[in-house]
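# Inside the fold
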Amino acid sequence: RLGYPRSDFEQLFGDGAAAFIVGNSDVIATIETRYSVVNEMLDLWRLPKDTFVQSWESRWARDEGYDANMAKAAAEVMRRAGLVAKDFAKVVFSAGLDVRGHQRLAQKLGFDVKTQVQDPMLAIVGNTGVPHPLITLAAALDESKPGDRILLGAYGDGVDMFILRVTDEIEKVKRRQRVKKYLESKMTIPSYERYLSYRGLLEAVPGEPFRIFPSATVTWRERESAIRCHGSKCRQCGTVAYPMQRVCITCRAKDDFDTVRLSDQRAKVFTYSLDNLAGRSDDPTIVQTVAESELGSARIYCLMTDCLPSEVKVDLPVEMTFRWFYDGAGHHNYYWKCRPVRNGGA
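Structural notes, computed from the coordinates.

The rules we used
Residues numbered from 1 in each chain as written. Predicted model: local features only at pLDDT ≥ 70, side-chain atom pairs only at ≥ 80, totals over all residues. Heavy atoms only, no water. Patch = residues over 30% accessible without salt bridge, like charges linked within 9 Å, V, L, I, M, F, W, Y side chains within 5 Å. Areas by Shrake-Rupley, 256 points an atom, 1.4 Å probe, with all protein chains shown as cover. Salt bridge = Lys/Arg side-chain N within 4 Å of Asp/Glu carboxyl O. Helix = DSSP H or I, 4+ residues; strand = E, 2+ residues; numbered from the N terminus. Core = buried A, V, L, I, M, F, W, Y, C linked by side-chain atoms within 4.5 Å. Buried < 20%, exposed > 50% of the residue type's maximum accessible area, 1.4 Å probe, protein only. Contact = heavy atoms within 4.5 Å. Phe/Tyr/Trp six-rings, centres within 6.5 Å; stacked < 30°, edge-to-face > 60°. Lys NZ or Arg CZ within 6 Å of the ring centre and 35° of its normal. Axes fitted to C-alpha atoms, helices over the stretch in contact; angles between N-to-C directions. Parallel < 35°, antiparallel > 145°, perpendicular 65-115°, else oblique. Left-handed = near helix turned anticlockwise from the far one by under 90°. Pairing = 2+ DSSP bridges. Polar contact = N/O pair within 3.5 Å; in protein donor to acceptor, adjacent residues only side chain to side chain. Expected span 1.5 Å × (residues − 1).

## Description of a nonpolar patch on the surface
Taken together, the side chains of Ile227, Phe322, Trp324 and Tyr334 present a nonpolar region at the surface, about 390 Å² in accessible area. Checked against the element boundaries, Phe322 lands in strand β13 (residues 317-328).

Dropping the structure here:
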C-alpha cells in the first residue's frame, strides 16, 4: 500500500508477509477460543485505478472502528474462555494508526504495556496491513514458552480474535528469533528520492529495455527448474546439474536421473561480475553470479539480490530466494536469485 508522498500514511505503512502452517498434530500452538465482529466501515480504501490509499477522518476511524471493535472482540473472547488479562503472557494486536493508540487499547483492556503487549514494530517495520498481526505473532512465538497464552487480534472490516495456547512442541523448534534477526540484517535505502524511484513514483532515465518475451508453454515445460528450483542428479555418476539436463554433462547418460531440490540448499559464490550499465540510471548494480550449491557442487547461474555489491566476494555464503524478475507479456515473471545468507535464514 502506498500513502501520498510526505503523508502520515507514507511514514506509517510498511511491506511484509507471513505464513503459518495449520494442522492438527505436532503444533507449536493451539487455538482455544475465537470470536469475530463484523464492522461495515469505510475508513481506508483504494479503487483499482488508485495509486495511493484514501481515507476518511482518522479520529472517527480510530474511535468507532479500531478501538470500539477490538475492545468488544477481546472482551467477548476472554469472557467465553473464562479468562482475564493477567492470564495472558502476550497480547498481539493489529497496529492502529499509531503506537499510542495501540497502547491505549491494551491498557483499556487491563494489559500491562511493558510486560504483556508485543511490540507492534511500527517504528522499524511499519503497519503492513493484513499480515501485520501474523508478523507480530511470529515475533511473540520466537520468545514464548510452553503453556503461554497469547491473545491475537486482527482488525480489518471487523475483528477476528483468537486465544492461542503454546504447546511443548515449541521447545523442539530450533530457536533463532527469526523476526529479530531478519530485522537486524536489513539494508537502508540511501535516499528518499531513491525510495520514490523504486516505488515508481519518480521517473528515472530509462535504461536498456528488456528484449525477453516470456512464453507460457516454455514456463510450463521448465517449471521444475524455473519455478521449483529442481536440478537433476545422474544415476550413473552422481553429477548434479541446474537447470535439469536430460543428458548428463559428465558421463553423457541420457534420461537417467533423479530430481533433486536445490531451493533450500546453501551455496557459495563460485564467480561473479558487477554490471553497472544494466537497468535504469538509478537501479542498483547488477551482480551476475555463479553459485556453487552444497548439494553435489551444482553450478547455478543467477542474479544476486539483497546485497552490497562492494561486499560480494568469491566463497561468500548465499541462499536461494524466489523473486520478481520483471514484468512482460502482460504478467509478472518470477525466477530464482541468490542472496547473502541472512541471520534468520533456514
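## Comments concerning the nonpolar core
In terms of nonpolar packing, the biggest core is built from 23 residues, with Phe93, Phe111, Leu151 and Met161 touching the most fellow members. Counting only elements with at least two residues in this core, the list comes to β1 (29-38), α2 (58-81), β4 (90-93), α3 (99-108) and β6 (158-166). Aside from chain neighbours lying at most four places away, what touches Phe111 is Met78, Ala85, Phe88, Val91, Ala106, Gln116, Val117 and Leu151. Formed by 20 residues, the second largest nonpolar core is a distinct cluster that contains Cys229, Ala267, Met320 and Trp336.

## Quick look at the packing of aromatic side chains
Scanning the model with the defined rule gives 9 aromatic pairs in all. Between the aromatic rings of Phe325 and Tyr326, the centroid separation amounts to 6.1 Å while the plane-to-plane angle is 65 degrees, which identifies the pairing as edge-to-face. Classification of Phe325 by relative accessible area gives partly exposed; the value is 25%. Site record: aromatic cluster; members linked through ring pairs are Phe322, Tyr334 and Trp336. Between the NZ or CZ atom of Arg299 and the centre of the ring of Phe270, over which it lies, the distance is 3.6 Å.

## Let's talk about the packing of α2 against α3
Running from amino to carboxyl end, α2 crosses α3 at an angle of 40 degrees, the nearest separation of the two axes being 10 Å. With respect to each other, α2 and α3 are oriented oblique. Seen from above, α2 lies across α3 with right-handed handedness. In this structure, α2 uses Arg62, Tyr66, Asp67, Met70 and Ala71 to contact α3, whose residues at the interface are Gly101, His102, Arg104, Leu105 and Lys108.

## Some remarks on the sheet that holds strand β5 (residues 149-155)
Taken together, the 4 strands give an open sheet; going across it, the order is β1-β6-β5-β4, and neighbouring strands pair in mixed fashion. The open sheet is flanked by β1 and β4, the only strands paired with a single partner. Here the average twist between neighbouring strands, direction ignored, is 15 degrees. Packing of helix α4 (residues 132-142) onto the sheet brings it into contact with β4, β5 and β6, and relative to β5 it is tilted by some 165 degrees.

## A short note on the sheet that holds strand β7 (residues 230-234)
If you trace the 3 strands from one edge of the open sheet to the other, you get β8-β7-β9, paired in antiparallel fashion. Each edge of the open sheet is held by one strand with a lone partner, namely β8 (240-241) and β9 (257-261). Here β7 pairs with β9 via 5 bridges, running antiparallel. Bridge assignment links Gly231 to a residue of β9, and that residue is Val260.

## Comments concerning the pattern of salt bridges
Pairing is possible between side chains of opposite charge, provided their charged atoms come close. Summed over the entire model, instances satisfying the criterion amount to 20 salt bridges. A salt bridge links Lys49 to Asp50; the nearest nitrogen and oxygen atoms lie 3.4 Å apart. Classification of Lys49 by relative accessible area gives exposed; the value is 69%. Measuring nitrogen to oxygen at the nearest pair gives 3.3 Å for the salt bridge that ties Glu169 to Lys172. By relative accessible area, Glu169 is classed as partly exposed at 22%. Via salt bridges that share partners, Asp306, Glu319, Arg323 and Arg339 belong to a single interconnected network.

## Remarks on the side chain of Glu319
Counting through the fold element by element, Glu319 comes out in strand β13. Look at Glu319 and you get buried, because its relative accessible area is 8%. Only 3.4 Å separates the side chain of Glu319 from the backbone nitrogen of Arg342, close enough to count as a polar contact.

## Concerning α2
Across its 24 residues, α2 extends 33 Å between first and last C-alpha, which sits within 8% of the 34 Å expected from 1.5 Å per residue. Within the sequence span of α2, burial applies to Ala61, Gly65, Tyr66, Asp67, Asn69, Met70, Ala71, Ala73, Ala74, Glu76, Val77 and Met78. Immediately downstream of α2, the backbone of Gly82 shows phi near 70 degrees, a positive value.

## Brief notes about unusual backbone geometry
The step from Tyr242 to Pro243 runs through a cis peptide bond, and the omega angle for that step is -5 degrees. Mapped onto the fold, Pro243 is located in the loop between β8 and β9. Positive phi, normally seen in glycine, also occurs at Ser297, with a value near 55 degrees. Owing to a relative accessible area of 42%, Ser297 belongs among the partly exposed residues under this scheme.

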